[in-house]
Amino acid sequence: VQLQASGGGLVQAGGSLRLSCVASGRTFNRYGMAWFRQAPEKEREFVASINWNGGTTSYGDSVKGRFTISRDNARNTVYLQMNSLKLEDTAVYYCAGGLSPPRYALWGQGTQVTVSS
């Protein structure tokens, strides 16, 4: 399985973006999926995760109430809806997948999100 993230871009503070991560292969619905982010000179940060059927989600404290993770197993895609974006949300966002979360063996290439004032 390979992951391809997209949907990043430049947005004003308070705006919204939706990231997508498409997985190749036929076993996507076996994987727990997650989004992480990394800002310049900062450590990678957990953003959100979702289990194989979408029934369980988890969020980092900094995004709770603003971001929503979801998945469409028929489309092999996981999404991250980001609302009320803040300057501090600026980072490269990575999608990740794993058969035994929170261990994630698969990583996408990252998509840049820049929030401007």
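Residues numbered from 1 in each chain as written. Predicted model: local features only at pLDDT ≥ 70, side-chain atom pairs only at ≥ 80, totals over all residues. Heavy atoms only, no water.

**Points about the pairing of strand β3 (residues 17–23)**
When you tally the buried positions in β3, you get 5 out of 7 residues, the bulk of the element. Relative to β3, strand β1 (residues 3–6) runs antiparallel, the two being bridged by 4 bridges. Bridging from a neighbouring strand, Gln 4 pairs with Val 22 of β3. (Buried < 20%, exposed > 50% of the residue type's maximum accessible area, 1.4 Å probe, protein only. Helix = DSSP H or I, 4+ residues; strand = E, 2+ residues; numbered from the N terminus. Pairing = 2+ DSSP bridges.)

**Focus on the state of the cysteines**
Enumeration over the complete set of coordinates arrives at 1 disulfide. There is a disulfide in this structure between Cys 21 and Cys 95, and the S-S distance comes to 2.1 Å. Taking the torsion about the sulfur-sulfur bond, which here is approximately 55°, the covalent link between Cys 21 and Cys 95 counts as right-handed. Within this pair, whereas Cys 21 is found in strand β3, its partner Cys 95 is found in strand β9 (residues 91–98), the two being separated by 74 residues in sequence. Accessibility classification places Cys 21 together with Cys 95 in one group, the buried group. (Disulfide = S-S within 2.5 Å.)

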